[in-house]
Amino acid sequence: MSQLIVENLSIHYSKGVKALDNVSLAVNKGECVGIVGESGSGKSTLAKVLVGLQPYKVGHITFEGSQIVPKKKESLREYRRQVQMVFQDANSTLNPKLPIWRSVLEPLDNFKEVQPLFINREEASRKELAMSLLEMVGLETHLLERFPGELSGGQKQRVSIARALSLEPGLLICDEPTASLDVTVQKQILQLLKELQEKTEMTILFISHDIRAVTFLCNHLIVLKDGLVVDRFRLEDLYLSNRHEYTKALIKAASF
Ligand SMILES: Nc1ncnc2c1ncn2[C@@H]1O[C@H](COP(=O)(O)OP(=O)(O)O)[C@@H](O)[C@H]1O
Ligand SMILES: [Mg+2]
């Protein structure tokens, strides 16, 4: 059974903007699925709906067998733990006034009942817990006392990933997580996500306008154009002649 099922999801913003048009998709546990499309195709809208930041009226979302109903706040708590998001701009996630160790512990502070497998929460101090989270994403632990303004873009994105993973989500949604980073750092973050996915077997929904990034990380691809799913295929079928013309154009423009 699929872990996440989206059926006939449509989002119309005011003034007639159809951000998502009858979108259906299914994601199996442990898969890494890429959503690719140019700017304005509805990718962030889909991500926001999936993490509960954008209400929806038309369509159904089912996660691990339970329907996700936008208004039922209590029943969303477990879903909010299970489905974590990494945004393009790490600055929007990190409070500039908090040292890194406080920021990285925020999700665990909000979900006191969560006992991460990688550390014994009862025995470890808060700083030790923060330290193990930074180590998980390849950051040196001396960065704990620093503030976000004293970290590079790549380091900040690693902190955002550590925060998201601290709750051991079943599904991680990454919306353009590398788009603000320079090319070498982009590769390092993609590599980190790949390693973490292999280690934790979590599901990743990786959203990007960059088909090269998507093909590096994902084995299933979904192509969005103007709110419509125009193509979906397995990575090995990327170059098949029956790919949608729009997919072919994305491949061509990326000049692999
Ligand atoms: N809050 C909003 N209000 C009105 N229109 C929006 C809003 N957010 C996004 N849109 C529009 O919806 C479409 C899809 O946007 P978005 O989901 O951000 O696409 P992407 O992430 O692929 O660039 C665009 O036409 C955008 O202008
Ligand atoms: Mg976007």
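Located above this text is the structure these notes cover.
Scope of this entry: the structure provided in the associated data block. Source: prediction; values computed, not measured.

Secondary structure summary: the protein contains 8 helices and 10 strands in total. Here the C-alpha atoms of the protein give a radius of gyration of 18 Å, agreeing with the 18 Å that 2.2 N^0.38 yields for 256 residues. Along the first, second and third principal axes, the C-alpha atoms of the protein reach 55 × 45 × 35 Å. Here the analysis covers contacts within the protein between residues at least 6 apart in sequence; of these, 66% occur between residues at least 24 apart. Of the accessible surface of the protein, which amounts to about 12,700 Å², a share of 50% is contributed by carbon and sulfur atoms.

This part covers the site of ligand 1. The environment of ligand 1 is made up of Tyr13, Val17, Ala19, Glu38, Ser39, Gly40, Ser41, Gly42, Lys43, Ser44 and Thr45. A distance of 3.1 Å separates an oxygen atom of ligand 1 from a polar atom in the backbone of serine 41. The contact in question runs from an oxygen atom of ligand 1 to an N or O atom on the side chain of threonine 45, over 2.6 Å. Alone, ligand 1 offers 560 Å² of accessible surface; in the complex the protein occludes 60% of this. Examining the composition of the shell around ligand 1, we find that 3 residues originate from one element, helix α1 (residues 43-50), more than from any other. For the shell around ligand 1, the per-class residue count stands at 3 nonpolar, 6 polar and 2 charged.

Attention now moves to the sheet that holds strand β8 (residues 203-208). Read across the open sheet, the 6 strands follow the order β6-β7-β8-β3-β9-β10; overall the sheet is mixed. Of all the strands in the sheet, just β6 (83-86) and β10 (228-234) have a single pairing partner and so form its edges. For this sheet, the mean angle separating the axes of adjacent strands, direction not counted, is 20°. Here 4 bridges tie strand β3 (residues 32-36) to strand β9 (residues 220-225), and the two strands are oriented parallel to one another.

Turning to the state of the cysteines, a few remarks are in order. Applying the stated criterion across every chain yields a total of 0 disulfides. A disulfide-free cysteine, cysteine 32 has its sulfur positioned 3.8 Å from the sulfur of cysteine 218, the nearest such atom. Take cysteine 174: it sits in no disulfide, and the sulfur closest to it among the cysteines is that of cysteine 32, at 8.0 Å.

This paragraph deals with the layout of surface pockets. Empty space within the largest pocket amounts to approximately 500 Å³. Listing elements by their share of the lining of the largest pocket, those giving two or more residues are α2 (73-82), β6, α3 (100-110) and α5 (153-166). When its residues are assigned to classes, the lining of the largest pocket shows 11 nonpolar, 4 polar and 3 charged.

About the cut-offs
- Residues numbered from 1 in each chain as written.
- Chains lettered and ligands numbered in written order.
- Predicted model: local features only at pLDDT ≥ 70, side-chain atom pairs only at ≥ 80, totals over all residues.
- Heavy atoms only, no water.
- Helix = DSSP H or I, 4+ residues; strand = E, 2+ residues; numbered from the N terminus.
- Rg over C-alpha atoms; globule rule 2.2 N^0.38 Å.
- Contact = heavy atoms within 4.5 Å.
- Areas by Shrake-Rupley, 256 points an atom, 1.4 Å probe, with all protein chains shown as cover.
- Near = heavy atom within 4 Å.
- Polar contact = N/O pair within 3.5 Å; in protein donor to acceptor, adjacent residues only side chain to side chain.
- Nonpolar A, V, L, I, M, F, W, Y, C, P; charged D, E, K, R; others polar.
- Pairing = 2+ DSSP bridges.
- Axes fitted to C-alpha atoms, helices over the stretch in contact; angles between N-to-C directions.
- Disulfide = S-S within 2.5 Å.
- 1 Å grid on protein atoms, 1.4 Å probe; cavity = no way out; pocket = protein on both sides within 12 Å on 5 of 7 lines; lining within 4 Å.
- Points joined across faces, edges and corners; volume = space filled by probe spheres on them.

That is the geometry; function is a separate question.
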